[in-house]
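Examining the three-dimensional arrangement
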Amino acid sequence: MKFSLNVDHVATVRNARGEAQPDPVTFALMAEKFGVDGIVTHLREDRRHINERDVRLLRELIKTKLDLEMAATPEIIETACDVQPELSTLVPEKRQELTTEGGINVIDNIEHYRDAIAELHKASISVSLFIEPDVNQIDASAEIGADFIEIHTGLYANAGSEEEMFDELEKIRIAAKHAKKLGMGVNAGHGLNYINIKDFLAVENIDEISIGHAVIAHALFVGLERAVKEMFALINTYGK
Ligand code: PXP
């Protein structure tokens, strides 16, 4: 299983002072040096963390791959077509939310997402849809040409009991298998950390996990190199 690092929260710390440091771009380059398989970043409509300068510099400088999380709005689609990430992950976006709160509803907005995927494909950008582990959402994603899905792992990560946690994990297991059968790549993320990742890593058919907050938070204590290497050690120990 591959591991991509989301660097948004480095920009959150930078923006707290409106100064240049810490720079999420330098952080991403260091993370690549320590072995991450890709860099993820979310260019939000309100630019609360990552800004256009960051995205353009990341595009220019990183050597692995760029996964641009984004809402499917005309403005951001135009920016993505210009920036040319390897992958655009379409997410729902509300200004008031602290972080992405759940998957997109592909079924109820199927023409909207069909058009967004077509626009991004015209620019030769692969598209991933961030969805709940729900086979109907997966079928709709395949129908409109998504190359990948990203399974929202938030309900698993925030489960209130062990039973709930294993129920969520079972849904993720079924969803990942179903998406693979339909020929899509399968990513997963949200709320994964050094503890809940262990059981998660037993799930088959997941190509890549996208983690931000837990690794950035751990890096504050132990440094980025150790934070990245500890995650890889878990992946190598518990992963499929
Ligand atoms: N995947 C998506 C689509 C997200 O929106 C986020 C949060 O930015 C993540 C993964 C990473 O979540 P976390 O920061 O909780 O690891």
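Each remark here, short or long, concerns the structure printed above.
Residues numbered from 1 in each chain as written. Predicted model: local features only at pLDDT ≥ 70, side-chain atom pairs only at ≥ 80, totals over all residues. Heavy atoms only, no water.

1. Some words on the layout of surface pockets
- Size it by volume and the second largest pocket reaches roughly 150 Å³.
- Forming the boundary of the second largest pocket are Lys2, Lys65, Leu66, Asp67, Glu86, Leu87, Ser126, Phe148, Asn187, Asp207 and Glu208.
- Residues that form the lining of the second largest pocket fall into these classes: 3 nonpolar, 2 polar and 6 charged. (1 Å grid on protein atoms, 1.4 Å probe; cavity = no way out; pocket = protein on both sides within 12 Å on 5 of 7 lines; lining within 4 Å. Points joined across faces, edges and corners; volume = space filled by probe spheres on them. Nonpolar A, V, L, I, M, F, W, Y, C, P; charged D, E, K, R; others polar.)

2. Considering the packing of helix α3 (residues 52-61) against helix α4 (residues 74-83)
- Where α3 contacts α4, the axes come no closer than 10 Å and their chain directions differ by 25 degrees. One way to sum up the angle between α3 and α4 is to call them roughly parallel. Here α3 and α4 pass one another in a crossing that is right-handed. Touching Glu52, Val55, Arg56 and Arg59 of α3 are Thr79, Asp82 and Val83, all from α4. (Axes fitted to C-alpha atoms, helices over the stretch in contact; angles between N-to-C directions. Helix = DSSP H or I, 4+ residues; strand = E, 2+ residues; numbered from the N terminus. Parallel < 35°, antiparallel > 145°, perpendicular 65-115°, else oblique. Left-handed = near helix turned anticlockwise from the far one by under 90°. Contact = heavy atoms within 4.5 Å.)

3. Points about the pairing of strand β7 (residues 185-189)
- In terms of residue burial, β7 counts as a mostly covered element, since 5 of its 5 residues are buried.
- Burial of the side chains of β7 extends over both faces: Gly185, Asn187 and Gly189 are buried on one face and Val186 and Ala188 on the other.
- Pairing of strand β6 (residues 148-152) with β7 involves 5 bridges; the strand directions are parallel. Considered in β7, the bridge of Glu150 is made with Asn187.
- Bridge analysis of β7 against strand β8 (residues 208-211) gives 3 bridges, and the strand direction is parallel. Residue pairing in the sheet places Asn187 in a bridge with Glu208 of β8. (Buried < 20%, exposed > 50% of the residue type's maximum accessible area, 1.4 Å probe, protein only. Pairing = 2+ DSSP bridges.)

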